[in-house]
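Structural overview
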Amino acid sequence: MLERALKGSPRYYGWIAFLLVVIGLGAAVWINQLMVGMKITGLSRDVSWGFYISQLTYLVGLAASGVMIVLPHYFHNYEKNKNMVIFGEFMAIAACVMCMLFVAVDVGQPSRMLNVVLHPTPNSILFWDMTVLCGYLFLNLLIGWTCLSRDRAHMKHPGWLKPFIYISIIWAFSIHTVTAFLYQGLPGRHYWLTAILAARFLASAFCSGPAILLLVMKATEKFTNFQMPKDAVKTLVKIIIYAMCVNMFFLALEFFTAFYSNMPGHMHSIVYLFAGEHGHTEMVPFMWAFLILATVCLILLIPPRWRENQKILPWALAMLIVATWLDKGLGLLIGGFNPNPFGTITPYWPTGKELMVSMMVYAIGALIVTVLFKIATDVKEELNEAQALPCGCSTDDECDCTAEKAEA
Amino acid sequence: MKNNRRTFIKIAGLAAAGLAVAPKATLASGGHSPVKVNKDSAHAKRWAMVIDTTKINTDEDFAPLIKACHSIHNVPDIPGNQNVKWIWTAPYEQAFPEQLNPHLDDTVKERRYALLCNHCDEPPCVRVCPTKATFKRPDGIVAMDYHRCIGCRYCMAGCPYGSRSFNWGEPREHLDLEALNPEFPTRMRGVVEKCNFCVERLAVGKMPACVDASNGAIVFGDLNDPDSSVRQVLRERFTIRRKPTAGTEPSVYYII
Ligand code: SF4
Ligand code: SF4
Ligand code: SF4
């Protein structure tokens, strides 16, 4: 099937070439990091994890979120999602690979990475995080590839795959829970030391992940004949709204616990992030931007009239993605390290080089998504499933195009 | 042919191992190590340190201690917040942020406090390390294997005391190569480091360098021995430890 990735329009090749250039540039910076060390980052003694690890955290959510399409299909027999499942799985593959790459670029001695495998340390959550990520990558590769090959051959999905699919659904929850455990349970990091951190991670993943997937699918629709079934989109947007509401509710719980209890440790990080402390207000605009974007996107998404408007929807989803990224990608990490163990503030900001290396990882992810989605949409086209009709419907919709045309 | 060679290798290996182990087996810890343990080495069930902040509390007081520690351990002097430090000083509110009150005695507030790794009894840095590069020795010292460390910096996130430093760049660039201590290794970039309670000095029967340089203001000894000097001062004087609520049971005590 891979050969399908090789045949494409000039625009497809142009895009791939662009990604390769970005990867090349980022790789050059990464090699520089390998040569001179991580001093090229904005990290410091007090803020020892930064942009790389926050991207890992965010992307694990993207990997886990595919389950929001897979689960209704397999647990509730929701047929409308049938042609979306493969994209969720392929997205998860790209996300897992990006996560692992972000770990790889973040360690000071990448040549020793195997030590994690050679000296397995069950008491370290990092060990478990690597394990569950590898496992999830494997499961999605297996399921995605098998299903797509069978589809193409007009064959039924094999029965032996079922257990793997069910395992992968539960596994998806585990990858994000374990990533939350990476933070949760460290004494002295009050912003992370909260029992609902894993729940917050899942809630935020289940809104931001499907939102990213939907946007990528919308782009896919532009360049291919693929068309998402309308009902599948509607369901997914509803899931996104619920998850975002839960996400914001959980944040409110954190605020309540911190400020009603009046415990200094619990309040300090939140005060630093949202109001500034010791004259350090560098995070304040970002955190308020998060709150504002979150509110606006919910206002746009909750009324059915607006969320079903395909012009508004992408903007609302983009706002949601930025909002959750500011909260979980940026604020969570920096708020955990600041105030530092001495009660003082060490600001952190990623350097240009750090961003270049991150761009490289994202470009690799985009390349994987492009190639896998190209293969999947080609196969769907061949099978004439979920194809665009002239009126904007999908062949999966029960929509009579001719009638609508007559009306117009 | 193959068989012969294998047998030869086996016999040769056995012989070599035998030679290495046999005469020293009784001395070496565990009986397998070919390394000879210094018979003068200092032993304890649980090493601990008590710093008398009434006796030693200004930056001038601490300068020689810090210098002693950093020079014998080849700790680089890097400007900025990507620095490396094993022992340093801080004011009261940074050393004990949870035990602050607005009407604290001025003399206590104005003192400087020496901060170093606490060699915790329940060290979170050991709990989180994915490679066992950080480990706790039976004598309570939390030690590090720089060759094992992958530089993930999880231990830095885990330590509630900010006791660890990472080599963001090449540390040797910031060392006076003429004045290196050849008896202690320098580090490479990309690994974490911290105070090691001077294990290398204890192994030859010496006290930690900062203790030696403190003119008796820092007491070092076995916490599990009721007659040790450490236990004696802990009995007689009021002491506090950093961040007791973190539950890590630090081994560094401060007389206030
Ligand atoms: S002070 Fe920090 S680095 Fe030292 S043992 Fe305790 S937790 Fe580990
Ligand atoms: S940085 Fe090194 S010592 Fe620290 S947790 Fe990672 S591997 Fe262990
Ligand atoms: S005990 Fe040794 S390593 Fe630790 S601070 Fe003192 S001199 Fe330095």
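All figures in this text were calculated on a predicted structure; none of them were measured in a lab.

Definitions and cut-offs
- Residues numbered from 1 in each chain as written.
- Chains lettered and ligands numbered in written order.
- Predicted model: local features only at pLDDT ≥ 70, side-chain atom pairs only at ≥ 80, totals over all residues.
- Heavy atoms only, no water.
- Helix = DSSP H or I, 4+ residues; strand = E, 2+ residues; numbered from the N terminus.
- Rg over C-alpha atoms; globule rule 2.2 N^0.38 Å.
- Buried < 20%, exposed > 50% of the residue type's maximum accessible area, 1.4 Å probe, protein only.
- Contact = heavy atoms within 4.5 Å.
- Areas by Shrake-Rupley, 256 points an atom, 1.4 Å probe, with all protein chains shown as cover.
- Buried area = accessible area lost by both parts, 1.4 Å probe.
- Salt bridge = Lys/Arg side-chain N within 4 Å of Asp/Glu carboxyl O.
- Polar contact = N/O pair within 3.5 Å; in protein donor to acceptor, adjacent residues only side chain to side chain.
- Nonpolar A, V, L, I, M, F, W, Y, C, P; charged D, E, K, R; others polar.
- Core = buried A, V, L, I, M, F, W, Y, C linked by side-chain atoms within 4.5 Å.
- Axes fitted to C-alpha atoms, helices over the stretch in contact; angles between N-to-C directions.
- Parallel < 35°, antiparallel > 145°, perpendicular 65-115°, else oblique.
- Phe/Tyr/Trp six-rings, centres within 6.5 Å; stacked < 30°, edge-to-face > 60°.
- Lys NZ or Arg CZ within 6 Å of the ring centre and 35° of its normal.
- pLDDT = per-residue confidence, 0-100.
- Expected span 1.5 Å × (residues − 1).
- Pairing = 2+ DSSP bridges.

Regarding its fold elements, chain A presents 15 helices and zero strands. In terms of overall dimensions, chain A is globule-like: its C-alpha atoms have a radius of gyration of 22 Å, near the 22 Å expected for 408 residues. Expressed as a percentage of the 408 residues in chain A, the buried residues total 56%. Of all intrachain contacts in chain A linking residues separated by at least 6 positions in sequence, the fraction that spans at least 24 positions is 75%.

Attention now moves to the overall build of chain B. When helices and strands are tallied, chain B shows nine helices and 10 strands. Buried positions account for 50% of the 256 residues belonging to chain B. In chain B, once contacts between residues fewer than 6 apart in sequence are set aside, the share between residues at least 24 apart is 63%. Here chain B has roughly 12,500 Å² of accessible surface; of this, 55% comes from carbon and sulfur atoms.

In this section: the interface of chain A and chain B. Listed per partner, the contact involves 41 residues of chain A and 49 residues of chain B. A per-residue breakdown of the area chain A buries against chain B is headed by Arg45, Arg112 and Phe342 of chain A, which together make up 23% of the total. Taken together, the links from chain A to chain B amount to two salt bridges. With its nearest N and O atoms 2.7 Å apart, the salt bridge here joins aspartate 106 of chain A to arginine 153 of chain B. Our count for the contact surface shared by chain A and chain B stands at 32 residue pairs in polar contact (both at pLDDT 80 or more). Those elements giving two or more residues to the side of chain A that touches chain B turn out to be helix H1 (10–36), helix H5 (115–118), helix H6 (125–152) and helix H7 (161–183) of chain A. In the side of chain A that touches chain B, the residues fall into 21 nonpolar, 15 polar and five charged.

We now examine the side chain of arginine 46 of chain B. Residues and elements named next belong to chain B. Structurally, arginine 46 can be placed in the loop between helix H1 (2–21) and strand E1 (47–52). When its relative accessible area of 7% is taken as the criterion, arginine 46 is described as buried. Non-local contacts of arginine 46, meaning those with residues more than four positions away in its chain, are made with His119, Cys120, Asp121, Asp139, Gly140, Gly221, Asp222, Leu223, Asn224, Glu249 and Ser251.

On to the nonpolar core, then. Core analysis: the biggest nonpolar cluster contains 195 residues, and Tyr183, Trp192 and Phe290 of chain A together with Met49, Ile51, Tyr154 and Phe197 of chain B have the highest contact counts within it. Here the element with the most residues in this core is helix H4 (residues 85–106) of chain A; it accounts for 16 residues. Look past the residues within four positions of phenylalanine 290 of chain A in its chain and what remains in contact with it is Met248, Leu251, Phe274, Ala323, Leu326 and Asp327 of chain A. Counting residues in each nonpolar core, the second largest holds eight residues, with Val50, Val219, Leu223 and Val230 of chain B among its members.

Next up on the list: the pattern of salt bridges. Counted under the stated rule, the structure contains 17 salt bridges over all chains. Across the pair aspartate 378 of chain A and lysine 374 of chain A runs a salt bridge, and its minimum N-O distance is 3.0 Å. Of this pair, aspartate 378 of chain A and lysine 374 of chain A both sit in helix H14 (residues 352–383), separated by four residues, roughly a single helical turn. With a shortest N-O distance of 3.5 Å, lysine 136 of chain B and aspartate 121 of chain B are connected by a salt bridge. Taken as a pair, lysine 136 of chain B in strand E4 (residues 134–136) and aspartate 121 of chain B in the loop between strand E3 (112–116) and helix H5 (124–128) lie far apart in primary sequence, 15 residues in all. Residue aspartate 121 of chain B is classed as partly exposed on the basis of its relative accessible area of 29%.

Attention shifts here to the packing of helix H2 (residues 51–65) of chain A against helix H8 (residues 197–223) of chain A. All names here are of chain A. The contact between H2 and H8 brings their axes to 7 Å, and the two run at 70 degrees. Viewed along their axes, H2 and H8 adopt a mutual orientation that is roughly perpendicular. Counted together, Thr57, Tyr58, Gly61, Leu62, Ala64 and Ser65 of H2 and Phe201, Ala205, Phe206, Ser208, Gly209, Pro210 and Ile212 of H8 form the full contact between these two elements. In terms of residue class, the contact of H2 with H8 is built from eight nonpolar, five polar and no charged.

Under the criterion given, the structure shown has 32 aromatic pairs over all chains. Measuring from ring centre to ring centre gives 6.3 Å for phenylalanine 274 of chain A and tryptophan 288 of chain A, while their planes differ by 90 degrees; the resulting arrangement is edge-to-face. Placement of the pair is phenylalanine 274 of chain A in helix H10 (residues 264–274) and tryptophan 288 of chain A in helix H11 (residues 284–301), with a sequence separation of 14 residues. For phenylalanine 274 of chain A, a relative accessible area of 9% puts it in the buried group. Feature note: the residues Trp49, Tyr183, Trp192, Phe201 and Phe337 of chain A together with Tyr154 of chain B constitute an aromatic cluster, connected by ring pairs. Positioned above the aromatic ring of phenylalanine 201 of chain A is the side chain of lysine 328 of chain A, whose terminal nitrogen or guanidinium carbon lies 5.2 Å from the ring centre.

Looking now at the environment of histidine 268 of chain A. Residue and element names in this part refer to chain A. Locating histidine 268 in the fold gives a position in helix H10. By relative accessible area, which is 35% here, histidine 268 ends up partly exposed. Along the sequence, histidine 268 and alanine 28 sit 240 residues apart, while their C-alpha atoms lie 39 Å from each other. Leaving out residues up to four positions away in the same chain, histidine 268 has contacts with Glu277 and Pro339.

Quick look at the confidence of the model for chain B now. Residue and element names in this part refer to chain B. Across chain B, the average pLDDT comes to 87, with 87% of residues at or above 70. This stretch, residues 17–31, has a pLDDT under 50; its non-local contacts, to residues over four places away or in other chains, come to 12 contacts. Confidence estimates for the predicted assembly give a pTM of 0.89 and an ipTM of 0.89.

The peptide bond linking asparagine 338 of chain A to proline 339 of chain A adopts the cis configuration, its omega dihedral lying at -10 degrees. Turning to its location among the elements, proline 339 of chain A is positioned in the loop between helix H13 (312–337) and H14. You will see that histidine 278 of chain A, though not glycine, has its phi angle at about 50 degrees, which is positive. On the secondary structure map, histidine 278 of chain A appears in the loop between H10 and H11. Positive phi values are uncommon outside glycine, yet glutamate 249 of chain B reaches one of about 55 degrees. Secondary-structure assignment places glutamate 249 of chain B in the loop between strand E9 (239–240) and strand E10 (252–255). For glutamate 249 of chain B, a relative accessible area of 37% puts it in the partly exposed group.

Over its 28 residues, H6 of chain A extends 40 Å from the first C-alpha to the last, a length consistent with the 40 Å expected when each residue adds 1.5 Å. Among the residues trailing H6 of chain A, histidine 154 of chain A stands out with phi positive, at a value near 55 degrees.

Note: strands within a sheet are paired through backbone hydrogen bonds, in either parallel or antiparallel orientation. Residues and elements named next belong to chain B. The four strands lie next to each other as E8-E1-E10-E9, forming an open sheet whose pairing is mixed. On the outer flanks of this sheet lie strand E8 (218–222) and E9, each paired with one strand and no other. The pairing of E1 with E8 spans five bridges and is classified as antiparallel. Directly across from isoleucine 51, in E8, lies its bridge partner isoleucine 218. Contacts from helix H9 (residues 229–236) reach E1, E8, E9 and E10 within the one sheet, and its direction differs from that of E8 by about 120 degrees.

Here we take up the pairing of E1 of chain B. Of all six residues making up E1 of chain B, six are buried, and the element is well covered by its neighbours. Side-chain alternation along E1 of chain B places Trp47, Met49 and Ile51 of chain B on one buried face and Ala48, Val50 and Asp52 of chain B on a second face that is also buried.

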